[in-house]
Number of protein chains: 2
Amino acid sequence: MNADPNLDLRFHRDVPISPAQVWEGWTNPAVLMQWFCPRPWKVVDCEIDLRPGGIFRTVMQSPEGQNMPANSGTYLAIEPQRRLVWTNALGPGFRPNPKPDDQSLGFLFVVDLTLSALPNGGTSYTAVVMHQDAAGREAHAAMGFEQGWGIALDQLVELQRGG
Amino acid sequence: MNADPNLDLRFHRDVPISPAQVWEGWTNPAVLMQWFCPRPWKVVDCEIDLRPGGIFRTVMQSPEGQNMPANSGTYLAIEPQRRLVWTNALGPGFRPNPKPDDQSLGFLFVVDLTLSALPNGGTSYTAVVMHQDAAGREAHAAMGFEQGWGIALDQLVELQRGG
């Protein structure tokens, strides 16, 4: 995966949980809902059909209890415990999603998440998030991409360690 | 594949060549270049990396000898001789393509092509082309989608029958 600094955001961490535990966090809706969104935001609904063209849908809720419009994306590549590629540009059945508006994430992206086992039992966790243009990248960065992904991943680690 | 009449264009024909011959026409660049574009237009370059996330790139040339901007799409699903899904919304590595402009096909689409063998040795050939919005569908229809796909498919049949 070659990152393009003008179009992509990259997030990397080594985490002390196994690739299997990370994978479960991303692919089991009951687990995903517990960590995917930095608290006090939460995920109140999640639908996962883990195959290329299958739905990946989450509904996030603000601390005031307001539900955001659902994000319905789809999976593009699935290699258990190694790689998960998904996008909000297409929905289930690979159907193009409507043009994004400001109520949802106002830009298209593709997430290419790769995992590899570390000798200590942990996981090297790398996400490359590709955008359609530099403006999309900048909007995503300004939303707090780096911090948001970091807090969420901390929540996953805490959850999977039984914290 | 559920077609949406507001967003999709659908093309169906029974053709007197086998699914293997249709598949070769779509996946072997040297063969594709001979039929993919209604004459006197032609395809002057074609690159195919037949795997999910692999490139599908064609360059078309007008009868006056002018090359159009390359269309670089990618494959989303590949089931040999049965189903081929590709899009111009994403490029190789599933990277989002820049927003389309009027120099290229000015809309995003996903082609879901399905083939099934007929008892007479021929192929039931169905393409559902999904668009992001009704305007995209209408622009594609106005470009002569139905006629263009029909003429091109006639050219493939003629080619594969040694005509």
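Above this text sits the structure in question.
So, how was this worked out
- Residues numbered from 1 in each chain as written.
- Chains lettered and ligands numbered in written order.
- Predicted model: local features only at pLDDT ≥ 70, side-chain atom pairs only at ≥ 80, totals over all residues.
- Heavy atoms only, no water.
- Salt bridge = Lys/Arg side-chain N within 4 Å of Asp/Glu carboxyl O.
- Helix = DSSP H or I, 4+ residues; strand = E, 2+ residues; numbered from the N terminus.
- Buried < 20%, exposed > 50% of the residue type's maximum accessible area, 1.4 Å probe, protein only.
- Contact = heavy atoms within 4.5 Å.
- Least-squares fit on C-alpha atoms with pLDDT ≥ 70 in both.
- Axes fitted to C-alpha atoms, helices over the stretch in contact; angles between N-to-C directions.
- Parallel < 35°, antiparallel > 145°, perpendicular 65-115°, else oblique.
- Left-handed = near helix turned anticlockwise from the far one by under 90°.
- Nonpolar A, V, L, I, M, F, W, Y, C, P; charged D, E, K, R; others polar.

Asker: Could you clarify how one ought to interpret the pattern of salt bridges in this entry?
Answerer: Here the idea is simple: oppositely charged side chains can pair when their charged atoms come close. What the rule picks out here adds up to 18 salt bridges over all chains. Between Asp45 of chain B and Arg57 of chain B there is a salt bridge, and its shortest N-O distance comes to 2.9 Å. Of the two residues, Asp45 of chain B sits in strand S2 (residues 42-48) while Arg57 of chain B sits in strand S3 (residues 55-61), which places them 12 residues apart along the sequence. Residue Arg57 of chain B is classed as partly exposed on the basis of its relative accessible area of 21%. The salt bridge partner of Arg51 of chain B is Asp49 of chain B, with a shortest N-O separation of 2.9 Å. Given the relative accessible area of 47%, Arg51 of chain B is considered partly exposed. The network of salt bridges with shared partners includes Glu79, Arg82, Arg83 and Asp112 of chain A.

Asker: Explanation requested: the environment of Ile78 of chain A in the structure shown.
Answerer: Residue and element names in this part refer to chain A. When you line up the elements, Ile78 lands in strand S4 (residues 71-79). Linking Ile78 and Pro52, residues 26 residues apart in sequence, is a C-alpha distance of 7.2 Å. Setting aside chain neighbours within four positions, we find Ile78 in contact with Trp23, Leu50, Arg51, Pro52, Arg83 and Leu84.

Asker: What exactly am I supposed to notice about the relation of the copies chain B and chain A here?
Answerer: Mapping chain B onto chain A calls for a screw motion: a turn of 180° about the axis and a shift of 0.0 Å along it, with 0.0 Å RMSD after fitting. Taken together, the rotation angle and the small translation identify this as a two-fold axis. Of the C-alpha atoms belonging to chain B, the one lying closest to the rotation axis is found on Leu76 of chain B, 3.3 Å away. Interface overlap between copies is the fraction of interface residues in one copy that are interface residues in the other; for chain B against chain A it reaches 100%, indicating a shared surface.

Asker: Sorry, what's going on with the packing of helix H1 (residues 19-27) of chain B against helix H4 (residues 145-160) of chain B here?
Answerer: Any two packed helices are characterised by how steeply their axes cross, that is the angle between the axes, and by the distance between the axes. Residue and element names in this part refer to chain B. Contact geometry for H1 and H4: axes closest at 10 Å, N-to-C directions at 115°. The orientation of H1 relative to H4 falls into the category roughly perpendicular. For the pair H1 and H4, the sense of crossing is right-handed. Taking contact as the criterion, the partners of Gln21, Val22, Glu24, Gly25 and Trp26 in H1 are, on H4, Trp149, Leu156 and Gln160. Residues that form the contact of H1 with H4 fall into these classes: 4 nonpolar, 3 polar and 1 charged.

Asker: Mind showing me how you'd approach unusual backbone geometry here?
Answerer: Most peptide bonds take the trans configuration, and most residues that are not glycine carry a negative phi. Residues and elements named next belong to chain A. Cis geometry marks the peptide bond from Arg39 to Pro40; its omega dihedral reads 10°. For Pro40, the position within the fold is in the loop between helix H2 (29-32) and strand S2 (42-48). Of note in the backbone geometry, Gln81 takes a positive phi value of approximately 65° without being a glycine. Inspection of the secondary structure puts Gln81 in the loop between S4 and strand S5 (83-87). Despite not being glycine, Phe94 shows a phi value in the positive range, around 65°. Assignment of secondary structure puts Phe94 in the loop between S5 and strand S6 (109-117). By relative accessible area, which is 2% here, Phe94 ends up buried.

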